[in-house]
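So you can see what is in the structure, the chains are spelled out below.
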Amino acid sequence: MTNWAGNYRYRAGTLHRPSTLEQVQEVVAAAPRVRVLGSRHSFTDLADSDELVSLEGLPAGVAVDRDAGTVSFSAGLRYGELAEALEREGLALANLASLPHISVAGAVATATHGSGDAKGNLATSVAGLELVTSSGELRTASRGDHEFDGLVVGLGALGAVTRVTLDVEPAYQVRQRVFEALAWDALHEHFDEITAAGDSVSVFTRWGEAVDQVWVKRRVTGDPEPLLDELFGATAATVDRHPIIELDPVNCTAQLGVPGPWWDRLPHFRMGFMPSSGAELQSEYLIPRRHAVAAIQSVHALAGLVRPLLQVSEVRTVAADRLWMSPQYGQDTIAIHFTWHPDPVGVQRALVELEAALAPSEARPHWGKVFVADAAAIGPLYERLPDFRRLVDRLDPRGAFRNPWLTNHVLGPP
Ligand SMILES: Cc1cc2nc3c(=O)[nH]c(=O)nc-3n(C[C@H](O)[C@H](O)[C@H](O)COP(=O)(O)OP(=O)(O)OC[C@H]3O[C@@H](n4cnc5c(N)ncnc54)[C@H](O)[C@@H]3O)c2cc1C
């Protein structure tokens with residue numbers, strides 16, 4: 001079995017598919033080394049272990065609590081499935097990533113994010129968690145509880161998350177427009193205005209002559225709103241686009257300012273269609289917002305290195321939070337993403353240079369994507385890492401959820 005991108009083959013000898021919570025508890029308690037597998041959209045050995053558990057066989061158990069403004073559900077659910085259930089209830093989430101195909105628990109565990117100056121990553125919507133620890137014990141935790149902020153972006157290291165509770169709000173509509181051929185100077189000079197042009201803004205580029213596309217997603221309000229046909233010199237596209245310009249936009253959510261439900265506009269890609277390009281690797285760096293323009297310029301200076309390996313880059317913004325292992329802990333960030341051609345050796349080589357160039361910008365790698373930084377380089381970037389280590393030791397004293405990825409990139413040797 002491989003991950004979604006096909007670049008990693010899981011070495012696990014056993015894949016458990018429990019259909020009840022009690023079975024999850026038994027499997028976890030009995031396994032010497034185990035991890036939970038989500039929808040396999042991460043790009044490395046992050047999710048791997050001797051034994052794996054898939055939660056897809058647990059009943060969805062979607063339960064809305066209107067008074068609390070939350071929805072609870074089984075952790076194996078994907079955002080697309082959750083959105084269908086919320087649609088029936090007239091409810092919505094605050095934000096989504098670029099695709100609805102990923103599992104909620106896997107996205108939350110890795111601080112997966114969408115875009116928006118005022119939007120935290122997807123883990124910030126978590127109001128509660130239910131977790132099976134390595135002793136098989138079931139624990140629950142809610143926002144505001146002691147150490148809850150350490151549990152949410154758990155990197156799969158703390159236990160098997162079996163239920164998630166997310167904040168919800170009344171359903172809303174969104175329009176998206178794409179603007180083309182933004183000049184680099186305009187991006188640098190008006191960066192804050194451009195990312196504030198919508199509730200969620202994505203800048204796509206191949207680091208060439210001009211920035212290629214700016215995707216602007218805005219919530220539809222009651223007020224009449226003129227459709228802009230220009231954004232700092234970039235012109236509004238008159239046909240739907242794919243972020244990778246030569247690919248078919250049929251895979252993408254509708255653009256051209258046509259209003260649609262939140263779940264069919266906030267992601268770039270439609271459920272049931274291939275997201276992104278399919279044959280790819282991905283890397284992404286989260287950078288304190290104060291370094292935004294300098295970081296973009298330092299990647300642009302490496303265009304000769306990056307472009308031969310690149311399908312497209314995306315720049316997004318993500319708001320600060322208090323989650324210990326979130327790259328947004330205590331600071332607003334920008335995200336610079338790379339969809340690479342599937343050339344692992346070339347990408348690995350380029351990442352060494354790219355990470356060196358981004359080090360002065362205090363770049364933190366996306367936990368779910370390909371990067372080279374080791375635990376010694378990453379440690380100083382996470383103020384709460386000592387607390388996280390203590391939490392791991394307490395919840396998983398026998399190290400059942402530890403794997404080589406965690407040792408190499410986060411926890412260091414035991
Ligand atoms: C095409 C594509 C587009 C993407 N777009 C975005 C994007 O827009 N924004 C972004 O930030 N990222 C994006 N990503 C990255 C992706 O969101 C992350 O890799 C995320 O972790 C994927 O979730 P998953 O369920 O597939 O995780 P997996 O790869 O299955 O697992 C990831 C981690 O989560 C843990 N985990 C999963 N479920 C549980 C559970 N129930 N309990 C405990 N631990 C668990 C695993 O053990 C592992 O450590 C994209 C990836 C792809 C392939």
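Residues numbered from 1 in each chain as written. Predicted model: local features only at pLDDT ≥ 70, side-chain atom pairs only at ≥ 80, totals over all residues. Heavy atoms only, no water.

## Some remarks on the pattern of salt bridges
Here is the rule we go by: Should a side-chain nitrogen of Lys or Arg be within 4 Å of a carboxyl oxygen of Asp or Glu, the pair is scored as a salt bridge. Put simply, DSSP marks the helices as runs of H or I at least four residues long and the strands as runs of E at least two long, and each gets a number from the N terminus on. In this scheme, a residue with accessible area under 20% of its type's maximum is buried, one over 50% is exposed, and one in between is partly exposed, where area comes from a 1.4 Å probe on protein chains only.
Counting across every chain of the model gives 18 salt bridges. Residue glutamate 246 pairs with arginine 206 through a salt bridge whose shortest N-O separation is 3.0 Å. Linking glutamate 246 in the loop between β15 (234-236) and β16 (260-261) with arginine 206 in the loop between β12 (200-205) and β13 (211-219), this pair joins segments that are 40 residues apart in sequence. Of the residues examined, arginine 206 reaches a relative accessible area of 24% and is grouped as partly exposed. Notably, a salt bridge pairs arginine 290 with glutamate 362, separated by 3.2 Å at the nearest N-O pair. Of the two residues, arginine 290 sits in the loop between β17 (281-288) and α7 (292-300) while glutamate 362 sits in the loop between α9 (344-358) and β20 (364-365), which places them 72 residues apart along the sequence. For arginine 290, a relative accessible area of 59% puts it in the exposed group. A relative accessible area of 26% places glutamate 362 in the partly exposed class.

## Observations regarding the site of the ligand
What counts here: Any residue with at least one heavy atom within 4 Å of a molecule or strand is counted as near it. Residues adjacent in sequence count toward polar contacts only when both atoms are side-chain atoms; beyond that, a polar contact is any pair of N or O atoms within 3.5 Å, and within protein one must be able to donate a hydrogen and the other to accept it. Every accessible area reported is derived by Shrake-Rupley at a probe size of 1.4 Å, with residue values counting cover from the shown protein chains alone. Residues are grouped as follows: nonpolar covers Ala, Val, Leu, Ile, Met, Phe, Trp, Tyr, Cys and Pro; charged covers Asp, Glu, Lys and Arg; every other residue, Gly included, is treated as polar.
Looking at the ligand, there are 37 residues lining it, with Val36, Gly38, His41, Ser42 and Ser103 nearest. In the environment of the ligand, a nitrogen atom lies 2.8 Å from a nitrogen or oxygen atom belonging to the backbone of histidine 113. Residue histidine 366 places a side-chain N or O atom 2.8 Å away from an oxygen atom belonging to the ligand. Summarising the interface, the protein chains cover 99% of the accessible area of the ligand, which totals 960 Å² for the free molecule. Every element with two or more residues in the shell around the ligand is listed here: β2 (34-37), α3 (104-109) and β9 (160-167). Looking at the shell around the ligand, the element that brings in the most residues is α3, giving four residues. Its residues placed into classes, the shell around the ligand shows 17 nonpolar, 16 polar and four charged.

## Brief notes about the environment of arginine 241
Counting through the fold element by element, arginine 241 comes out in the loop between β15 and β16. In this structure arginine 241 comes out as partly exposed when scored by relative accessible area, which is 23%. In this structure the side chain of arginine 241 is engaged in a polar contact, spanning 2.7 Å, whose partner is the side chain of glutamate 180.

## Looking at the sheet that holds strand β8 (residues 138-142)
Put simply, the rule reads: A pair of strands counts as paired when DSSP detects no fewer than two bridges linking them. The axes are straight lines fitted to the C-alpha atoms, using for helices just the contacting stretch, and the angles between their N-to-C directions are given from 0 to 180°. Whether two residues are in contact is decided by their heavy atoms, any of which lying within 4.5 Å being enough.
Read from one edge of the open sheet, five strands run β4-β5-β9-β7-β8, paired in antiparallel fashion. Among the strands making up the open sheet, the edge pair consists of β4 (63-65) and β8. Recorded for the sheet is a direction-independent mean angle of 15 degrees between the axes of neighbouring strands. Sheet topology note: the strand β7 (residues 126-132)/β8 ladder contains five bridges and is antiparallel. Opposite leucine 131, over in β8, you have arginine 139 as the bridge partner. Packed on one face of the sheet, helix α1 (residues 21-30) meets β7, β8 and β9 and runs near 60 degrees to β7.

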